[in-house]
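Observations on chain architecture
This is what each chain is made of:
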Amino acid sequence: SPSMLKEHNVEYAIVGHSEPRKYFSESDEQINHRARSAQTNGLIPIVCVGESDEQRSRGEAERVIRRQVEQGLEGLDPSQLVVAYEPIWAIGTGRTATAEDAQNMCAHIRRVVGDEFGADVAAAVRIQYGGSVKPDNIAELIALPDVDGALVGGASLNPAAFSRIIRYRLG
């Protein structure tokens, strides 16, 4: 629960992660409810959005992401959240969006946030990329203009790989 997390000095809560979306059919409304609960209880929600391989191949990625952002962020304080583009097709598959794909989708998210909250808010909101982030692609991903950070999954379980990711600027 949010209160238990706060007791342990947790500041952020991931909501809408790809696995619950995929395996438990979490709706955008449920994700929004969890994000609102996080904010109400003093946590900063990391709201994950992302399309499936099937949605991507049908050319529906931008429409799906727009819906997820609009519904997922409804009623939230945009200054107290993070949005993570986490393409479902890249989670645990070893496939990573190209830098161009990651930039295009993160820029799309920023435009949708701008449509909902205004350009100033869109410029300030933090947008992360998550989807098979590894030591060999972190520098390229973080260099993208609309990527403000990385949501690291499986690589965080390998101390050597995770250390290389968080220290990528040090060479």
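For clarity, every value in this text was computed on a predicted model and none was experimentally measured.

This part is about the overall build of the protein. In terms of regular secondary structure, the protein is built from 9 helices and 5 strands. Starting at the N terminus and ending at the C terminus, the protein contains elements arranged as α-β-α-α-β-α-α-β-α-α-β-α-β-α. Taking 2.2 N^0.38 as the reference for a compact globule, 171 residues should give roughly 16 Å; the C-alpha atoms of the protein span a radius of gyration of 15 Å, in line with that estimate. Expressed along its principal axes, the backbone C-alpha trace of the protein runs to roughly 40 × 40 × 35 Å. Out of the 171 residues in the protein, the part that is buried amounts to 46%. For the protein, long-range pairs separated by at least 24 residues make up 70% of all intrachain contacts whose partners lie at least 6 apart in sequence. Accessible surface, the protein: about 9,000 Å² in total, of which carbon and sulfur atoms supply 50%. Measuring between centres, the 18 positive side-chain charges of the protein sit 4 Å from its 24 negative side-chain charges.

So, on to the sheet that holds strand 4 (residues 126-129). Taken together, 5 strands build an open sheet; the order of strands is 1-2-3-4-5 and the sheet is parallel. Since the sheet does not close on itself, it has two edges, and those belong to strand 1 (12-15) and strand 5 (149-150), each with one partner. Bridging between strand 1 and strand 2 (residues 44-49) involves 4 bridges; their strand directions are parallel. What sits directly across from I14, in strand 2, is I46. Lying over the sheet, helix 3 (residues 28-40) contacts strand 1 and strand 2, oriented at roughly 160° with respect to strand 2.

With that settled, consider helix 3. For helix 3, which comprises 13 residues, the first-to-last C-alpha distance of 18 Å matches the rise-based estimate of 18 Å (1.5 Å per residue) to within 8%. For helix 3, every residue scored as buried is listed here: D28, I31, N32, A35, A38 and Q39. Here the buried residues of helix 3 occupy an arc of 120° about the axis, which is enough to place them on one side. Helix 3 presents E29, H33 and T40 as exposed residues on the side facing more than 90 degrees away from its buried surface. Looking one or two places after helix 3, you find G42, whose phi comes out positive at around 85°.

Procedures and definitions
- Residues numbered from 1 in each chain as written.
- Predicted model: local features only at pLDDT ≥ 70, side-chain atom pairs only at ≥ 80, totals over all residues.
- Heavy atoms only, no water.
- Helix = DSSP H or I, 4+ residues; strand = E, 2+ residues; numbered from the N terminus.
- Rg over C-alpha atoms; globule rule 2.2 N^0.38 Å.
- Buried < 20%, exposed > 50% of the residue type's maximum accessible area, 1.4 Å probe, protein only.
- Contact = heavy atoms within 4.5 Å.
- Areas by Shrake-Rupley, 256 points an atom, 1.4 Å probe, with all protein chains shown as cover.
- Lys, Arg positive; Asp, Glu negative; His and termini not counted.
- Charge placed at Lys NZ, Arg CZ, Asp CG, Glu CD.
- Pairing = 2+ DSSP bridges.
- Axes fitted to C-alpha atoms, helices over the stretch in contact; angles between N-to-C directions.
- Expected span 1.5 Å × (residues − 1).
- Arc of directions from axis to C-beta.

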